[in-house]
Amino acid sequence: MKNLGAKLKAARESMQLTLRDVADVTRLRISVLEDMENGVFDSKLKDIYKRGFLRLYAAFLKLDVDAVMREYNTAMAMKQSEESRFGAAPAFVEDAPKD
């Protein structure tokens, strides 16, 4: 999701705004904004909040909100697919005792 984060950051910088400027207007925490710009969307927040914050930030930056959300949804689906495919590391089974 680095690509999405880079788009957010580039849009903010093109408006010559600091993270503080954005935080003051949107009321989003700077740490949340930084995470989004760094492509980190796996915070402990519930998905509904992550989506809402991303939608708010994209709208503030005058980006195509639907396109941003499609990109987010695609990236999340790919991530979930990878996690389900690889799952957790297999547990090691001890060798059966030898007689």
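All figures in this text were calculated on a predicted structure; none of them were measured in a lab. (Residues numbered from 1 in each chain as written. Predicted model: local features only at pLDDT ≥ 70, side-chain atom pairs only at ≥ 80, totals over all residues. Heavy atoms only, no water.)

Its location among the elements puts Glu13 in helix α1 (residues 2–14). When its relative accessible area of 43% is taken as the criterion, Glu13 is described as partly exposed. It is 9.9 Å that separates the C-alpha atoms of Glu13 and Leu61, two residues lying 48 residues apart in sequence. (Helix = DSSP H or I, 4+ residues; strand = E, 2+ residues; numbered from the N terminus. Buried < 20%, exposed > 50% of the residue type's maximum accessible area, 1.4 Å probe, protein only.)

We now examine unusual backbone geometry. The backbone of Gln16 sits at a positive phi, close to 55°, despite the residue not being glycine. Structurally, Gln16 is set in the loop between α1 and α2 (19–26). In this structure Gln16 comes out as exposed when scored by relative accessible area, which is 71%. The backbone of Lys62 sits at a positive phi, close to 65°, despite the residue not being glycine. The residue Lys62 is located in the loop between α4 (47–60) and α5 (65–86) in this model.

This part covers the side chain of Glu37. Looking at where Glu37 falls in the secondary structure, it is placed in helix α3 (residues 30–37). If near-sequence neighbours (up to four positions away) are discounted, Glu37 is found in contact with Gly5, Ala6, Leu8, Lys9, Arg12, Leu19 and Tyr57. (Contact = heavy atoms within 4.5 Å.)

In short, the description is geometric, and any link to function would need to be established separately.
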